Amino acid sequence: MIVAAECEFFLYDTHSLKEKRAILQRMLTRARQKYNVSIAETDHQDLWQRAGFTLAAAASSGMVAEREVDRVLNFLMSHSGWEMTSSKKYHL
């Protein structure tokens, strides 16, 4: 079973694309290392205060994959420099 999610964030403390990339690189690397997911920035690459991610987890059961996606979303929401503005989950 595969569970995917799309989420968008508003970044408060960035003033350039360079600052945004530094924050995103650090958070995405941590998410990949800590959780069993694939994650990438897929939207708003040209805006310095918005970020869109897509992430996916594959597991033998839908419950395990969904739990992993939820853990990553909670990890991303724990960063104090941004706020999640939307998220959608998909069961594939």
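Residues numbered from 1 in each chain as written. Predicted model: local features only at pLDDT ≥ 70, side-chain atom pairs only at ≥ 80, totals over all residues. Heavy atoms only, no water.

- The protein goes by DUF503 domain-containing protein in an unreviewed UniProt entry, where it is assigned to Bhargavaea cecembensis.

**Details of the sheet that holds strand S1 (residues 2-11)**
Here comes step 1: Spatial ordering of the open sheet is given by S2-S3-S1-S4, a layout of four strands whose pairing is antiparallel. If you trace the sheet from one side to the other, it starts and ends with strand S2 (38-43) and strand S4 (82-91), each paired once. In this sheet, neighbouring strand axes are inclined to one another by 20° on average, regardless of whether the strands run parallel or antiparallel.
Here comes step 2: Note that S2 and strand S3 (residues 50-58) share five bridges and pair antiparallel. The residue of S3 that forms the bridge with Glu41 is Phe53.
Here comes step 3: Along the sheet, helix H1 (residues 17-34) contacts S1, S2, S3 and S4; its crossing angle with S2, the most-contacted strand, is approximately 150°.
Here comes step 4: Across the sheet, helix H2 (residues 62-77) is in contact with S1, S2, S3 and S4; its angle to S1 comes to roughly 10°. (Pairing = 2+ DSSP bridges. Helix = DSSP H or I, 4+ residues; strand = E, 2+ residues; numbered from the N terminus. Axes fitted to C-alpha atoms, helices over the stretch in contact; angles between N-to-C directions. Contact = heavy atoms within 4.5 Å.)

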